[in-house]
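One letter stands for each residue in the lines below.
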Amino acid sequence: MQLAVRVVAAFLGLAALSVAQAATTVLTNFTLIDGTGRAPTPGSALIVENGRISWVGTQQSLKRPSGATVVDLAGKFVTPGLIDNHVHVGLVHDLTQDINFYSRELVEQQLRIYAAYGVTAVQVLGTDTDVIFGIRADQRKAPTDMARVYTSGQGLVFKGSYGGVAGLNKPVANVAEARQAVDEQVAKGVDFIKLWVDDEFGDLPSRMPADISKAIIDQAHKHGLRAIAHIFYLQNAKTLASQGVDGFAHSVRDLPVDRALLDDMKRHDIVQMAATLSREASFTYTKLPFLDDPFFNRSITPAALATLKSAERQQKLAAGKHFAQYPGVLDTALKNTRREIEAGVRYGVGSDSGPSGRFSGHFLHWEMELMVQAGLSPLQVLTAATSTNAKLIGAKDLGTIEPGKSATLLVLDADPVADIRNTRTIHAVYVAGKPVSTIWSVCTGRAANECKGGSTGGAHGER
């Protein structure tokens, strides 16, 4: 009996070794952009074991594990997976927004689109139903083929004011209701608290009063959570900064940020979580400039594309009440981003994608391009979209390429440090060590052979 036990144990040991070897992948001959802000390192290699990076270094010092799968990435560039710290999911089907669309199936479909764009983690700001908590729980149990999600559940809106989604967010009218609403979200297990302070260009009668925003921020901190605020106006940003808010989900867009706010943000480490420049830029167009670009249109249905190109839609947008104001809003956001950078304010990257007309995954690449336009270098933007964002959303095993971190990686055909638009040259995406579909293998609403165009080459999808 003891001999039989030893034989079985030996067999199981060999089987475990075989599984471990099968789960080992070596990536070789690439230029490493590790997410820390260090200069790119040519001639790099790394070893992935069971979904995590076990070693990273030069090609010359690589010792290949026996039985490992080797992937030669000569001429490629490897970065950590990108992170978008301001998104919304599950609200839109094609271009129609309705909370009734929100389902596990739609959310996961959109999270896969994010991953296909190399955006391997997202933070959702205040517009999730409780369905999100089951998705998040399952993701934490085992890696999936989609972007990892962080959520604030239902964000807090002042009654009669701006924010949230009709039929989802329950407005609060006073301090007591605000505190109770925070407690309710905390009980659900949210990752942070979101609040809106805005009045939609003055179209709504009020903004969230200061006593209510202070109660929300204080209650979030009581539970050890961050409070992140949607803002538009300089004066509200100043008030929220004095109340201890942790981050701004948009730029100030009515006036230039002044020295008092910049000093307060630096003194209290209030983070410009997201400038959402792509959001503001999208509002300046009646017809988006990239509709014929396969990097964009592979991810949407032909019906949605036709609507985006239609004269009827263009006329409706041009006739919008605030359409003429949007170029000025974008210009102010760009200039305020530059001012914050020059002042040394800490910043992340977020697109506010997900609502109608603001597209999952694609908008983060546009956001990064606009941040370079605002004054950041490509390497600074990549660092913000990887390691900084990982810290901001609390993703401790993402954001950098180093031993112990998740092997969640973006492989590019061209150098994004030379040109930030090269983040679009997606060769492969790995989530926890496993390759997933890239945008070049996606063809939404059509047969695969009906989508044309793309980057050159590629191991994991049509190009």
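Model, not experiment: these values are computed from the prediction.

The rules we used
Residues numbered from 1 in each chain as written. Predicted model: local features only at pLDDT ≥ 70, side-chain atom pairs only at ≥ 80, totals over all residues. Heavy atoms only, no water. Phe/Tyr/Trp six-rings, centres within 6.5 Å; stacked < 30°, edge-to-face > 60°. Helix = DSSP H or I, 4+ residues; strand = E, 2+ residues; numbered from the N terminus. Buried < 20%, exposed > 50% of the residue type's maximum accessible area, 1.4 Å probe, protein only. Lys NZ or Arg CZ within 6 Å of the ring centre and 35° of its normal. Disulfide = S-S within 2.5 Å. Contact = heavy atoms within 4.5 Å. Polar contact = N/O pair within 3.5 Å; in protein donor to acceptor, adjacent residues only side chain to side chain. Pairing = 2+ DSSP bridges. Axes fitted to C-alpha atoms, helices over the stretch in contact; angles between N-to-C directions. pLDDT = per-residue confidence, 0-100.

K.L.:
Just give me the short version of the packing of aromatic side chains, but keep the residues and values in it.
P.N.:
Each aromatic ring pair is summarised here by two numbers: the centre-to-centre distance and the angle between the ring planes. For the structure on display, the rule yields 13 aromatic pairs. Pairing F296 with F359 gives two aromatic rings, centres 5.0 Å apart and planes at 80°, and the pair type is edge-to-face. Of this pair, F296 sits in helix α9 (residues 294–297) while F359 sits in the loop between α12 (326–343) and α13 (362–374); the two residues are 63 residues apart in sequence, bridging distant segments of the chain. Comparing F296 with F359, the two get one shared label, buried. Here the aromatic residues Y285, F290, F296, F359, F363 and W366 are joined through ring pairs into a cluster of three or more. Taking NZ or CZ as reference, R140 lies 4.6 Å from the ring centre of Y150, over its face. Just above the ring of Y233 sits the side chain of R207; from NZ or CZ to the centre is 3.5 Å.

K.L.:
Before we move on, can you summarise the state of the cysteines with the specific residues and values?
P.N.:
In total, this model carries one disulfide according to the counting rule given. There is a disulfide in this structure between C443 and C451, and the S-S distance comes to 2.0 Å. Judged by the sign of its S-S torsion, about 90°, the cystine formed by C443 and C451 is right-handed.

K.L.:
Got a sec to walk through the environment of R207? Specific residues and values, please.
P.N.:
Mapped onto the elements of the fold, R207 is located in the loop between β11 (193–196) and α5 (210–222). Measuring from C-alpha to C-alpha, the distance between R207 and L364 comes to 29 Å, with 157 residues separating the pair along the chain. The residues contacting R207, other than those within four sequence positions of it, are F158, S161, V197, D198, D199, Y233 and N236. There is a polar contact of 3.0 Å between the side chain of R207 and the side chain of N236.

K.L.:
Please give an account of the sheet that holds strand β14 (residues 271–272) that cites residues and values.
P.N.:
Ordered in space as β11-β12-β13-β14, the four strands form an open sheet in which the pairing is parallel. Only two strands of the sheet have a single neighbouring strand rather than two, namely β11 and β14. Both β11 and strand β12 (residues 227–230) contribute to a ladder of four bridges, which runs parallel. Note that in β12 the partner of L195 across the bridge is A229. On the sheet, α5 packs against β11 and β12 and is oriented at approximately 175° with respect to β11.

K.L.:
Account for the confidence of the model for the protein, with residues named and values stated.
P.N.:
The predicted model of the protein has a mean per-residue pLDDT of 93, with 93% of residues at 70 or higher. Within the protein, helix α1 (residues 2–22) has the poorest average pLDDT of any element, 35, and strand β5 (residues 77–80) the best, 99. Across residues 1–22 the pLDDT falls below 50, and counting only partners more than four positions away or on other chains, this stretch makes four contacts in the model.

K.L.:
Explain the sheet that holds strand β6 (residues 82–87) residue by residue, including any values.
P.N.:
Across the sheet, three strands lie side by side as β6-β9-β10; this open sheet has parallel pairing. The open sheet terminates on both sides in strands that have one partner only, identified here as β6 and β10 (148–151). With strand direction ignored, the average angle separating the axes of adjacent strands in the sheet is 15°. Running at roughly 130° to strand β9 (residues 119–124), helix α2 (residues 104–116) makes contact with β6, β9 and β10 of the sheet. In the packing of α13 onto the sheet, contacts are made with β6 and β9, and the angle to β6 comes to roughly 95°.

K.L.:
So, the pairing of strand β2 (residues 41–49): which residues are in play, and what are the values?
P.N.:
The sheet contact formed by strand β1 (residues 24–32) and β2 spans six bridges and is antiparallel. Looking at the pairing, T25 lines up with V48 of β2. Summarising the sheet, β2 and strand β3 (residues 52–58) pair through six bridges and their orientation is antiparallel. Within the sheet, the bridge partner assigned to I47 lies in β3 and is W55. Here β2 folds back onto β3 in antiparallel fashion, the turn holding two residues, of which N50 has a positive phi close to 50°.

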